[in-house]
Amino acid sequence: MKIGAFAELTGVSAYTLRYYEKKGLLFVKRDKNGCRNYLAEDREWVQFLCKLKATGMLLRDIKRYAQLRYNGAGTIAERLELLLKHQVYVAEEVHKWQQYSENLQAKIAVYKEQLLQQRQNAGLK
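Residues numbered from 1 in each chain as written. Predicted model: local features only at pLDDT ≥ 70, side-chain atom pairs only at ≥ 80, totals over all residues. Heavy atoms only, no water.

Visitor: Tell me about the nonpolar core, and please be specific about residues and values.
Guide: With 21 residues, the main nonpolar core has Leu-17, Leu-26 and Tyr-38 as its most contacted residues. Every element with two or more residues in this core is listed here: α1 (3-10), α2 (14-22), α3 (40-54) and α4 (59-71). (Core = buried A, V, L, I, M, F, W, Y, C linked by side-chain atoms within 4.5 Å. Buried < 20%, exposed > 50% of the residue type's maximum accessible area, 1.4 Å probe, protein only. Helix = DSSP H or I, 4+ residues; strand = E, 2+ residues; numbered from the N terminus.)

Visitor: I'd like a rundown of the side chain of Arg-79, residues and numbers included.
Guide: By secondary structure assignment, the location of Arg-79 is in helix α5 (residues 76-124). Buried Arg-79, no salt bridge; nearest opposite-charge side chain is Glu-78, N-O distance 7.9 Å. (Lys, Arg positive; Asp, Glu negative; His and termini not counted. Salt bridge = Lys/Arg side-chain N within 4 Å of Asp/Glu carboxyl O.)

Visitor: Talk me through the pattern of salt bridges; I want residue IDs and the actual numbers.
Guide: Note on pairing: side chains with opposite charge can pair once their charged atoms come close. Going through the model one piece at a time under the given rule, you end up with 5 salt bridges. Here Arg-30 ties to Glu-21 by a salt bridge, and the two come within 2.9 Å at their closest N and O atoms. According to the relative accessible area criterion, Glu-21 is buried, its value standing at 17%. When the shortest N-O distance is used, the salt bridge between Arg-36 and Glu-21 registers 2.5 Å. Here Glu-21 lies in helix α2 and Arg-36 lies in strand β2 (residues 36-37), a separation of 15 residues in the sequence. Of the two residues examined, Arg-36 and Glu-21, each falls in the buried class. It is possible to trace a salt-bridge network through shared partners that takes in Glu-21, Arg-30 and Arg-36.

Visitor: Now, about the environment of Asn-121: what can you tell me, with residues and values included?
Guide: With respect to the secondary-structure elements, Asn-121 resides in helix α5. Asn-121 sits in the partly exposed class, given a relative accessible area of 44%. When the C-alpha atoms of Asn-121 and Leu-82 are compared, they prove to be 59 Å apart, with 39 residues separating the residues in sequence.

Visitor: Can you lay out α2 for me, pointing to particular residues and giving the numbers?
Guide: Residues of α2 that are buried include every one of Ala-14, Leu-17, Tyr-20 and Glu-21, and no others. Buried residues in α2, looked at end-on, bunch into an arc of 120°, giving them a common side. Those residues of α2 that are exposed and angled more than 90 degrees off the buried face are Tyr-15 and Lys-22. Backbone geometry just downstream of α2 places Gly-24 in the positive-phi region, at approximately 80°. (Arc of directions from axis to C-beta.)

Visitor: So what's going on with the packing of aromatic side chains? Residues and values would help.
Guide: Summed over all chains, the structure comprises 8 aromatic pairs. Aromatic pair Tyr-19 and Tyr-20: ring centres 6.4 Å apart, planes at 50°, arrangement tilted. For Tyr-19, a relative accessible area of 33% translates into the label partly exposed. Taken together, a centroid distance of 5.8 Å and an interplanar angle of 15° make the contact between Trp-45 and Tyr-65 stacked. Separated by 20 residues along the polypeptide, Trp-45 in helix α3 and Tyr-65 in helix α4 bring together distant segments of the chain. By the burial criterion, Trp-45 is buried, and Tyr-65 matches it. Pairwise contacts between aromatic rings join Phe-27, Trp-45, Phe-48, Tyr-65 and Tyr-70 into one cluster. (Phe/Tyr/Trp six-rings, centres within 6.5 Å; stacked < 30°, edge-to-face > 60°.)

Right under this line is the structure:
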């Protein structure tokens with residue numbers, strides 16, 4: 001599949017796909033004319049790349065993971081180690097954001113209570 005169709009299929013721009021390739025995150029087969037030819041497994045990989053990126057994995061770690069992935073099954077232990085390390089980071093981020101959310105909820109409750117009191121006081125006057 002050509003880059004335009006692949007970009008549409010994945011929701012990742014052609015520019016980004018070229019960037020991923022340039023950075024060594026994505027290795028794409030080429031046809032005899034040198035045109036990129038994306039395969040079905042490339043879609044799954046690009047979607048996973050986007051998830052790693054969205055969860056805050058550093059580019060250098062994504063690159064290392066990509067290199068290991070393309071090196072084959074002999075790298076599974078190293079890939080697992082990278083993902084386990086990243087899972088700890090994601091869990092810490094989730095915990096941090098949960099605390100932020102609780103803080104916001106508390107502040108919202110305070111303001112709602114203050115508004116309710118203002119309305120009640122306005123009705124008494």
